Amino acid sequence: MDAAYVLVHSLLLGPLSWAPVAARLAASGVPTAVPSLVGVTDGDDPPFWPRVTDTVNAAVDRLPAGRPVVVVAHSNAGLLVPVIAHAARRPVAGCLFVDARLPDRTGPSPAASPERLAHLRAKVATDGRLPPWTTWWDEDDVARLFPDRETRTAVSAEQPRLPLSYYEQRIPVPAGWDDRPCGYLLFGPPYDLMARDAGERGWAVDRLPGDHLHQLVDPDAVAARLVALTRGWR
């Protein structure tokens, strides 16, 4: 039986960042879920990953019964793939990372390096939370991530303000999580280093040149690459 897809968005964004791709997959007859992780950090105390796995499982439960799932993760959601696969209540046919962080080969994985934590601490507001992700960068760099102003407005409105404690957590890497097909779809730097690591792990790697939110800019091409990379995963 063909697998269904679970598209896991960056914790810094919301489900609209995957919505155009999900629509293309659904239109082609592929059952697809995009769980919203926007509220998983509403409490300030880590660990936050158990709320992620609960939310993903609830979304998977609404997919057609009996189908295995392919977990597709974008950006920092890549660190959550091992716990999602380990906690899944139905078979996981494979895991695909899209311009995403890779978990450590043996866990747990720090959510941020010491250097990145120091950078983020300088951005934290008095409530202990970070500003929305799109405000971290220069306007020109942000504008080119989106196909149009309407899309930018909608996607930006979903952004949660993550607590710094999200980046202070360490996320487990259960043994055997990658005893299934895995792959990597690269859009561009700086994730080329992650794609190289994926290749060294023996995973299938493909590149679709674009910026970090290319799934919003060319959802048809991204959907087609997802299907091509995971074809045959059961």
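Small disclaimer: the values here were computed from a predicted structure and weren't measured.

(A) Examining the side chain of Ser-75 more closely. Looking at where Ser-75 falls in the secondary structure, it is placed in the loop between strand S3 (69–74) and helix H3 (81–87). Classification of Ser-75 as buried rests on a relative accessible area of 8%. Dropping the residues within four chain positions of it, Ser-75 is found in contact with Ser-10, Val-98, Asp-99, Ala-100, Arg-101, Tyr-191 and His-212.

(B) Representation of the environment of Ala-87 within the structure. Here Ala-87 lies in helix H3. In sequence terms Ala-87 and Ala-19 are 68 residues apart; their C-alpha atoms lie 24 Å from each other. Ignoring sequence-local partners within four residues, the contact set of Ala-87 consists of Thr-53 and Asn-57.

(C) Structural view of the pattern of salt bridges. With the rule as written, the count across this model stands at ten salt bridges. For the salt bridge of Asp-211 with Arg-144, the shortest nitrogen-to-oxygen distance reads 3.9 Å. Placement of the pair is Asp-211 in the loop between strand S8 (204–207) and helix H9 (214–217) and Arg-144 in the loop between helix H5 (139–143) and helix H6 (149–157), with a sequence separation of 67 residues. Put simply, Asp-206 and Arg-225 hold a salt bridge, and the shortest N to O gap is 3.1 Å. Of this pair, Asp-206 sits in strand S8 while Arg-225 sits in helix H10 (residues 219–230), and the two are 19 residues apart along the sequence. In this structure Arg-225 comes out as partly exposed when scored by relative accessible area, which is 27%. Members of the salt-bridge network, linked through shared partners, are Arg-105, Asp-197, Glu-200 and Arg-201.

Here is what the cut-offs are and how they apply
Residues numbered from 1 in each chain as written. Predicted model: local features only at pLDDT ≥ 70, side-chain atom pairs only at ≥ 80, totals over all residues. Heavy atoms only, no water. Helix = DSSP H or I, 4+ residues; strand = E, 2+ residues; numbered from the N terminus. Buried < 20%, exposed > 50% of the residue type's maximum accessible area, 1.4 Å probe, protein only. Contact = heavy atoms within 4.5 Å. Salt bridge = Lys/Arg side-chain N within 4 Å of Asp/Glu carboxyl O.

Everything listed here is a matter of geometry and, on its own, says nothing about what the molecule does.
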